[in-house]
Amino acid sequence: MNEVVKYHNNMNLVNFNHFTEVEFNIFFAVCQQMRDKNLSEIELSFEKIKELIDYKSTSKERFIADLKKTYKKLLVSTMPIEDEREYIEFVLFTRYRVDKIKETISIRTNKEFEYVLNAVISNFTRFELEQFVSLSKTNSKTIYRMLKQFRMTGFWTIDYQEFLDLMGIENWGKANINKEFKRIVKDLEPFFNNLVVEKVKKGGKQTGAILKLNWKFD
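Note that the coordinates shown come from a computational prediction; the quantities given were computed from them, not determined experimentally.

Rules used throughout
- Residues numbered from 1 in each chain as written.
- Predicted model: local features only at pLDDT ≥ 70, side-chain atom pairs only at ≥ 80, totals over all residues.
- Heavy atoms only, no water.
- Phe/Tyr/Trp six-rings, centres within 6.5 Å; stacked < 30°, edge-to-face > 60°.
- Helix = DSSP H or I, 4+ residues; strand = E, 2+ residues; numbered from the N terminus.
- Buried < 20%, exposed > 50% of the residue type's maximum accessible area, 1.4 Å probe, protein only.
- 1 Å grid on protein atoms, 1.4 Å probe; cavity = no way out; pocket = protein on both sides within 12 Å on 5 of 7 lines; lining within 4 Å.
- Points joined across faces, edges and corners; volume = space filled by probe spheres on them.
- Nonpolar A, V, L, I, M, F, W, Y, C, P; charged D, E, K, R; others polar.
- Salt bridge = Lys/Arg side-chain N within 4 Å of Asp/Glu carboxyl O.
- Expected span 1.5 Å × (residues − 1).
- Arc of directions from axis to C-beta.
- Contact = heavy atoms within 4.5 Å.
- Polar contact = N/O pair within 3.5 Å; in protein donor to acceptor, adjacent residues only side chain to side chain.
- Axes fitted to C-alpha atoms, helices over the stretch in contact; angles between N-to-C directions.
- Parallel < 35°, antiparallel > 145°, perpendicular 65-115°, else oblique.
- Core = buried A, V, L, I, M, F, W, Y, C linked by side-chain atoms within 4.5 Å.

S.K.: When you look at the packing of aromatic side chains in this model, what are you seeing that I'm missing?
M.R.: On inspection of all chains with the given rule, the structure shows 24 aromatic pairs. Here F27 and F93 contribute two aromatic rings whose centre-to-centre distance is 6.0 Å and whose plane-to-plane angle is 65°, an arrangement assigned as edge-to-face. Of the two residues, F27 sits in helix α1 (residues 21-34) while F93 sits in strand β5 (residues 93-99), which places them 66 residues apart along the sequence. In this structure, F27 and F93 share a single accessibility class: buried.

S.K.: Please explain empty space enclosed by the protein as it appears in this structure.
M.R.: One way to see where empty space is left: roll a probe the size of a water molecule over the atoms. This structure, assessed with the given rule, holds two cavities of 30 Å³ or more. By volume, the second largest cavity is sized at about 30 Å³. Lining the second largest cavity, in full, are M34, L39, T109, E114, L117 and N118. Looking at the lining of the second largest cavity residue by residue, the classes come out as three nonpolar, two polar and one charged.

S.K.: Sorry if this is basic, but what is going on with the pattern of salt bridges here?
M.R.: Once the charged atoms of two side chains with opposite charge are near each other, the side chains can pair. Counted by the stated rule, this structure contains eleven salt bridges. E41 is the salt-bridge partner of R108, the closest N and O atoms lying 3.2 Å from each other. Of this pair, R108 sits in strand β6 (residues 104-109) while E41 sits in strand β2 (residues 41-45), and the two are 67 residues apart along the sequence. Assessed through its relative accessible area of 35%, R108 is described here as partly exposed.

S.K.: Would you mind showing me how to read helix α3 (residues 60-75) here?
M.R.: Helical geometry note: an α-helix holds 3.6 residues per turn, so side chains three or four residues apart project in the same direction. Taking 1.5 Å per residue, 16 residues should reach 22 Å; α3 reaches 23 Å between its end C-alpha atoms and fits that length. Listed as buried for α3 are F63, I64, D66, L67, T70, Y71 and L74. The buried residues of α3 occupy an angular sector of 155° when projected down its axis, which confines them to one face. Opposite the buried face of α3, by more than 90 degrees, sit the exposed residues E61, R62 and K72. Residues of α3 that are buried in the fold lie against α1, α2 (46-53), β5 and β6. Sitting at the head of α3, S59 places a side-chain oxygen 3.5 Å from the backbone nitrogen of E61.

S.K.: When you look at the packing of α2 against α3 in this model, what are you seeing that I'm missing?
M.R.: Helix packing for two helices is described by the angle between their axes and how far apart those axes are. Close contact between α2 and α3 brings their axes to 12 Å; oriented N to C, the two are set at 80°. With respect to each other, α2 and α3 are oriented roughly perpendicular. Residues F46, I49 and K50 of α2 lie in contact with α3, whose contacting residues are K60, F63, I64 and L67. Residue composition of the contact of α2 with α3, grouped by class: five nonpolar, no polar and two charged.

S.K.: Looking at this model, I keep getting lost on the nonpolar core. Mind explaining?
M.R.: Side chains of a nonpolar character, in soluble globular proteins, are inclined to be buried together. Membership of the largest hydrophobic core comes to 59 residues, with the highest contact counts inside it found for M11, F28 and F93. The leading source of residues in this core is α1, at eight residues. Sequence-distant contacts of M11, that is, excluding residues within four places in its chain, are made with F16, F27, F28, C31, M79, F113, V116 and R145.

Rendered as structure tokens:
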């Protein structure tokens with residue numbers, strides 16, 4: 001499998017920190033299959049999705065349950081778009097149908113969402129679905145996507161509070177936050193050669209971090 005996910009960077013504004021690893025994988029597998037097809041609706045077999053995300057369980061009921069949970073979370077996951085004139089927020093998908101007999105799912109996108117997946121030639125994030133799926137934790141998957149967004153600059157600077165919000169770990173306590181950050185970096189090292197993290201401090205207090213890559217992506 002060497003499927004490539006590609007989408008407009010605006011999708012990185014969506015907060016996915018309430019998703020599990022499997023739900024995250026299902027969502028981006030669907031996005032990969034819809035990429036550049038100008039489809040408002042797509043039908044995929046259970047078998048295809050399982051193949052894309054290396055789904056291990058053989059239980060049909062469990063897989064259907066994972067599909068249902070994914071869509072329920074997508075219903076409350078909105079994409080915010082804001083400029084100096086206006087603020088817009090919309091859901092990504094408008095219908096999700098699971099056919100238990102045919103073992104297929106059909107997904108209909110919100111029309112405003114179509115530009116995110118179709119014919120994206122600038123301001124995009126691109127990564128290999130296989131690498132993304134291999135990461136075992138949601139937080140690692142999130143940081144992986146953000147680093148891929150900044151593939152051309154070779155570094156990504158993030159405010160400390162923004163990092164906590166993005167990860168959903170604000171109430172974890174300092175020791176657990178530091179442990180989580182180190183774990184994420186270790187998870188990502190196989191895909192980012194010599195990934196370096198520099199803490200940004202002001203007055204002795206950490207205010208952010210810079211994640212540096214040792215090359216720029218194509």
